[in-house]
Amino acid sequence: MKVLICYFSATGNTGQIAKAIGGRLGQMGAQVDYKDVTPLEARQEPVGVEPYDAVIIGSPIHSMRSPRLYREWLGTLEGQGKRAAMFFTYGGFQVHPAPYDLRRRLEERGFKVVASATFPGAHTYNLAGWQAMGGRPDQQDLGLAAEYAKELYPRLNGQDPAMVGDLNSGPYTEEQLDEFESFRFKMAAMLPNRQGEECQMCLLCQEQCPSGAMDAEKGEADPSKCIVCLQCVKDCPDQALKVGDMTPFFQVKMEKDQETAESLRKKRGKLYL
Ligand SMILES: Cc1cc2nc3c(=O)[nH]c(=O)nc-3n(C[C@H](O)[C@H](O)[C@H](O)COP(=O)(O)O)c2cc1C
Ligand code: SF4
Ligand code: SF4
């Protein structure tokens, strides 16, 4: 069986799970190719799924859905009736309706969605003062990803004809979800910038930015393009890019969602088979 694993991963969590799933499938005899579509150039051309028996789509959760750029790119795929499985990484808070939303989009593109899974990952905004899911995915999360691959194998090759079960559509309308997403991009304090810090002008932040938003010379992100993925903040070799402190927002969110450091730490991934 030949499997393509596509993923978007600005800060690496989703990529780690992709490799754990692919590694196990490989051990079981599958030929696995990876397509990391985080870089802007990687999304310039649609990817053909013809050479593959099945496809696995990995995504971080951004404001309860897959990142906007990734959703747009996924809309260019032609499923041709192939089997597809999904997986997500998230920072400890709302998971839904991301799996429901992505399944709908993949089915619209002609895929048959056979399974889904969610895995906790260090919250991107730990780079802005949060403390959610530090150190994740850990060995246990990666072990669950390998178990997911084992369960997936017969579904991807059609031996097991089952499709993914019911997924939670969540309480929000599409318009509300669009609003939550765009609200975050409008928070100027969240946009990465350089305020006089030493910078070797390596251009990495500009060259790697998934949305083409970063101007390395100015040390500023274009608010109309930036998706606040914080890849530039994480990867800057001089740690010269900063974002506003989100700690107060995090504390309010913890109370609102009735979460504690302990309850977040205890969260584990889930398989939807
Ligand atoms: C813009 C943005 C929105 C996010 N929204 C959510 C969310 O709704 N729920 C959640 O639990 N985590 C959320 N996160 C955290 C990420 O889902 C999590 O850190 C993920 O593992 C990052 O994956 P990556 O390292 O592959 O980029 C968000 C992160 C970003 C950057
Ligand atoms: S990645 Fe950091 S060091 Fe490199 S150009 Fe950007 S801000 Fe400067
Ligand atoms: S400028 Fe925005 S979109 Fe680009 S890497 Fe930085 S946070 Fe991500």
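Structure: above.
Residues numbered from 1 in each chain as written. Chains lettered and ligands numbered in written order. Predicted model: local features only at pLDDT ≥ 70, side-chain atom pairs only at ≥ 80, totals over all residues. Heavy atoms only, no water.

Re the site of ligand 3
Surrounding ligand 3, one finds P192, C209, P210, S211, M214, A221, C226, I227, V228, C229, L230 and C232. Here ligand 3 is seated within the largest cavity. (Near = heavy atom within 4 Å. 1 Å grid on protein atoms, 1.4 Å probe; cavity = no way out; pocket = protein on both sides within 12 Å on 5 of 7 lines; lining within 4 Å. Sits in = over half its atoms within 2 Å of the grid points.)

Describing empty space enclosed by the protein
All chains considered together, the criterion is met by two cavities of 30 Å³ or more. Considered as a void within the structure, the largest cavity measures approximately 150 Å³ in volume. Along the walls of the largest cavity sit 19 residues, with C209, P210, C229, Q231 and C232 positioned nearest its centre. Counting residues per element, the ones that place at least two in the lining of the largest cavity are α6 (204-208) and α7 (231-235). Across the lining of the largest cavity, the residue classes break down as 15 nonpolar, three polar and one charged. (Points joined across faces, edges and corners; volume = space filled by probe spheres on them. Helix = DSSP H or I, 4+ residues; strand = E, 2+ residues; numbered from the N terminus. Nonpolar A, V, L, I, M, F, W, Y, C, P; charged D, E, K, R; others polar.)

Concerning the pairing of strand β4 (residues 83-90)
Counting buried positions along β4 yields eight of eight residues, so the element is predominantly enclosed. Note that strand β3 (residues 54-60) and β4 share seven bridges and pair parallel. Bridging across to β4, I56 finds its partner in A85. What joins β3 to β4 is helix α2 (residues 68-74), and the crossover it makes is right-handed. (Buried < 20%, exposed > 50% of the residue type's maximum accessible area, 1.4 Å probe, protein only. Pairing = 2+ DSSP bridges. Right-handed = clockwise from strand over helix to strand, strands pointing away.)

Comments concerning the pairing of strand β5 (residues 112-120)
Across the nine residues that make up β5, a large majority, eight, are buried. Bridging between β4 and β5 involves six bridges; their strand directions are parallel. Directly across from F88, in β5, lies its bridge partner T118.

A few points about the nonpolar core
Within the largest apolar cluster, 32 residues are counted, with the highest numbers of intra-cluster contacts made by I57, Y70 and W73. Of all elements in the fold, only β1 (2-7), β3, α2, β4 and α3 (98-108) reach the threshold of two or more residues within this core. Leave out the neighbours within four places in its chain, and W73 touches C6, V37, A42, R43, E45, P46 and V47. Among the nonpolar cores identified, the runner-up in size contains 27 residues, and Y125, A216, A221 and V243 belong to it. (Core = buried A, V, L, I, M, F, W, Y, C linked by side-chain atoms within 4.5 Å. Contact = heavy atoms within 4.5 Å.)

By themselves these figures say nothing about function.
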